[in-house]
Amino acid sequence: MARRQKHEEHENLERWLVSYADFITLLFAFFVVMYSISQVNEGKYRVLSDSLVNAFKTTPTATTPIAPALRIDASRGSSSSAQALALKQTIFVRKPDPVIEARQKQQTEKMKGVAEDILKAMEPLVKEGQVKVSQSVHGIAIEINASVLFASGQAALEPGSIKALRAVGGVLAKVPNDIQVEGFTDNTPISTIAFPSNWELSTARASSVVRLLAESGAPADRLVAVGYGEFRPVDSNSTPEGRARNRRVTIMILSEQQEKIIDIPLASQVSKAVPETIRAKSP
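Residues numbered from 1 in each chain as written. Predicted model: local features only at pLDDT ≥ 70, side-chain atom pairs only at ≥ 80, totals over all residues. Heavy atoms only, no water.

Points about the overall build of the chain
At step 1: Along the chain, the regular secondary structure elements total 11 helices and five strands.
At step 2: For the chain, buried positions account for 26% of its 283 residues.
At step 3: Across the chain, every contact between residues at least 6 apart in sequence was considered, and the portion connecting residues at least 24 apart equals 68%.
At step 4: For the chain, the exposed area adds up to about 20,500 Å²; of that, 57% sits on carbon and sulfur atoms. (Helix = DSSP H or I, 4+ residues; strand = E, 2+ residues; numbered from the N terminus. Buried < 20%, exposed > 50% of the residue type's maximum accessible area, 1.4 Å probe, protein only. Contact = heavy atoms within 4.5 Å. Areas by Shrake-Rupley, 256 points an atom, 1.4 Å probe, with all protein chains shown as cover.)

A word on the side chain of asparagine 145
At step 1: If you trace the backbone, asparagine 145 turns up in strand β2 (residues 139-145).
At step 2: Judged by its relative accessible area of 17%, asparagine 145 is buried.
At step 3: Polar side-chain contacts of asparagine 145 include one of 2.8 Å to the side chain of serine 147.
At step 4: Sequence-distant contacts of asparagine 145, that is, excluding residues within four places in its chain, are made with Gln130, Ala244, Arg247 and Arg248. (Polar contact = N/O pair within 3.5 Å; in protein donor to acceptor, adjacent residues only side chain to side chain.)

Side note on the pairing of strand β3 (residues 179-184)
At step 1: Summarising burial for β3: six of the six residues are buried, a large majority.
At step 2: Residue alternation in β3 divides its side chains into two sets, Ile179, Val181 and Gly183 and Gln180, Glu182 and Phe184, and both sets are buried.
At step 3: Pairing analysis gives five bridges linking β3 to strand β4 (residues 223-227), with the strands arranged parallel. Residue pairing in the sheet places glycine 183 in a bridge with glycine 227 of β4.
At step 4: Read from β3 through helix α8 (residues 198-215) to β4, the crossover connection turns out right-handed. (Pairing = 2+ DSSP bridges. Right-handed = clockwise from strand over helix to strand, strands pointing away.)

A look at the nonpolar core
The nonpolar side chains of a soluble globular protein tend to be buried with one another.
At step 1: Membership of the largest hydrophobic core comes to 33 residues, with the highest contact counts inside it found for Met122, Ile142, Val209, Leu213, Ile251 and Ile253.
At step 2: For this core, the secondary structure elements donating two or more residues are α4 (98-121), β2, α6 (146-149), α7 (159-172), β3, α8 and β5 (248-254). (Core = buried A, V, L, I, M, F, W, Y, C linked by side-chain atoms within 4.5 Å.)

Side note on the layout of surface pockets
At step 1: Approximately 220 Å³ is the volume attributed to the largest pocket.
At step 2: Ser152, Gly153, Asp186, Arg205 and Arg247 are the residues nearest the centre of the largest pocket, which is lined by 15 residues in total.
At step 3: With three residues, the single largest contributor to the lining of the largest pocket is α8.
At step 4: Of the residues that constitute the lining of the largest pocket, the class distribution is six nonpolar, six polar and three charged.
At step 5: Of the voids in this model, the second largest pocket is the one considered here, and its volume is about 170 Å³.
At step 6: In this structure, the second largest pocket is lined by 10 residues; those nearest its centre are Gln107, Thr108, Ser136, Val137 and Ser255.
At step 7: Elements that contribute at least two residues to the lining of the second largest pocket include exactly α4 and β1 (131-136).
At step 8: Among the elements that make up the lining of the second largest pocket, the one with the highest residue count is α4 (four residues).
At step 9: Along the lines of polarity and charge, the residues of the lining of the second largest pocket split into two nonpolar, eight polar and no charged. (1 Å grid on protein atoms, 1.4 Å probe; cavity = no way out; pocket = protein on both sides within 12 Å on 5 of 7 lines; lining within 4 Å. Points joined across faces, edges and corners; volume = space filled by probe spheres on them. Nonpolar A, V, L, I, M, F, W, Y, C, P; charged D, E, K, R; others polar.)

Considerations on the confidence of the model for the chain
In low-pLDDT regions, the fine details of the predicted coordinates are not to be read closely.
At step 1: Chain-level pLDDT for the chain is 76 on average; 67% of the residues reach the 70-or-more range.
At step 2: Every residue in residues 59-92 scores below 50 in pLDDT, and together they form 50 contacts with partners more than four places removed in sequence or on other chains.
At step 3: Here residues 276-283 scores under 50 on pLDDT; set against residues more than four positions off or in separate chains, the count is three contacts. (pLDDT = per-residue confidence, 0-100.)

What to know about a nonpolar patch on the surface
At step 1: Residues Trp16, Leu17, Tyr20, Phe23, Ile24, Leu27, Phe30, Phe31, Val33, Met34 and Ile37 make up a contiguous nonpolar surface patch of about 1,100 Å² in total accessible area.
At step 2: Tracing the backbone through its elements, the reader meets phenylalanine 23 in helix α1 (residues 16-37). (Patch = residues over 30% accessible without salt bridge, like charges linked within 9 Å, V, L, I, M, F, W, Y side chains within 5 Å. Salt bridge = Lys/Arg side-chain N within 4 Å of Asp/Glu carboxyl O.)

Some words on α7
At step 1: In this model α7 runs 21 Å from its N-terminal to its C-terminal C-alpha over 14 residues, within 8% of the 20 Å that 1.5 Å per residue would give.
At step 2: Taken together, the buried positions of α7 are occupied by Ser161, Ala164, Leu165, Val168, Gly169, Val171 and Leu172. Relative to the axis of α7, the buried residues are bounded by an arc of 155° and lie together on one face. Of the residues in α7, the exposed ones pointing more than 90 degrees away from the buried face are Pro159 and Lys163. (Expected span 1.5 Å × (residues − 1). Arc of directions from axis to C-beta.)

Some words on the pattern of salt bridges
At step 1: Enumeration according to the criterion identifies three salt bridges in this entry.
At step 2: Among the salt bridges present, the one from lysine 127 reaches glutamate 123, with a minimum N-O distance of 3.2 Å. Here lysine 127 pairs with glutamate 123, and both are found in helix α5 (residues 123-127), just four residues apart, close to one helical turn.
At step 3: With its nearest N and O atoms 2.6 Å apart, the salt bridge here joins aspartate 186 to arginine 247. Here aspartate 186 is found in the loop between β3 and α8, whereas its partner arginine 247 is found in the loop between α9 (240-246) and β5, with 61 residues between them in sequence.
At step 4: Overall, aspartate 186 belongs to the buried group, its relative accessible area being 6%.

This is the structure:
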């Protein structure tokens with residue numbers, strides 16, 4: 001029997017069209033996605049721009065909110081514009097009170113004049129570097145080296161320092177501010193009958209300065225003496241110079257604008273202050 005001849009299979013030369021079609025489809029989808037996410041809603045952008053411009057042009061008051069934060073969803077169309085703008089946060093800025101600002105400026109100028117008068121009264125000691133006068137929001141600080149005022153381990157004022165302190169007392173007699181005299185020591189321990197520790201020494205030195213200021217005209221009801229001992233150094237106690245800097249007396253002329261103390265009631269008192277109707281609704 002004659003064998004059947006096998007037909008030769010022809011190679012399909014158009015198979016590349018399938019891969020090409022898939023590639024074109026993917027490329028088309030890619031550009032569609034890129035185009036859709038690149039479209040920013042012009043209306044939303046204009047609202048955000050106008051809000052920012054108005055916020056920087058106008059001065060906000062105590063009841064005027066600054067432009068709220070906006071959330072813009074660029075992937076959605078203009079049909080979702082009502083949902084795209086969401087209020088995230090409203091910031092209220094208190095408008096400066098011109099009366100308070102004027103009072104603060106007047107207080108600052110007044111304290112500056114007091115500082116200048118004290119510098120004149122203690123000019124020799126300031127030139128020698130024994131007295132330092134500075135001003136801050138808390139008031140005026142007059143830092144005096146203890147070696148100018150007291151002998152080592154003593155709380156009695158040296159005769160040479162009394163004249164300068166009396167001049168300071170005369171200046172403070174014209175100032176309505178509260179005055180706090182602070183005493184400081186170095187970390188060298190002391191144990192005597194009069195001063196068992198640096199606490200007593202620093203407090204006694206502050207009290208001596210307070211007594212002299214009161215005798216010089218400063219109102220006694222506005223004077224207070226404080227002793228910090230060795231626990232608030234301004235320099236290192238490892239050197240003689242640092243220890244000399246730490247032995248000091250500071251006269252603080254406190255600013256008139258001090259925070260008021262508010263009494264905090266006990267929990268039982270708060271409970272009594274709550275009306276019966278409110279407590280009945282409490283869980």
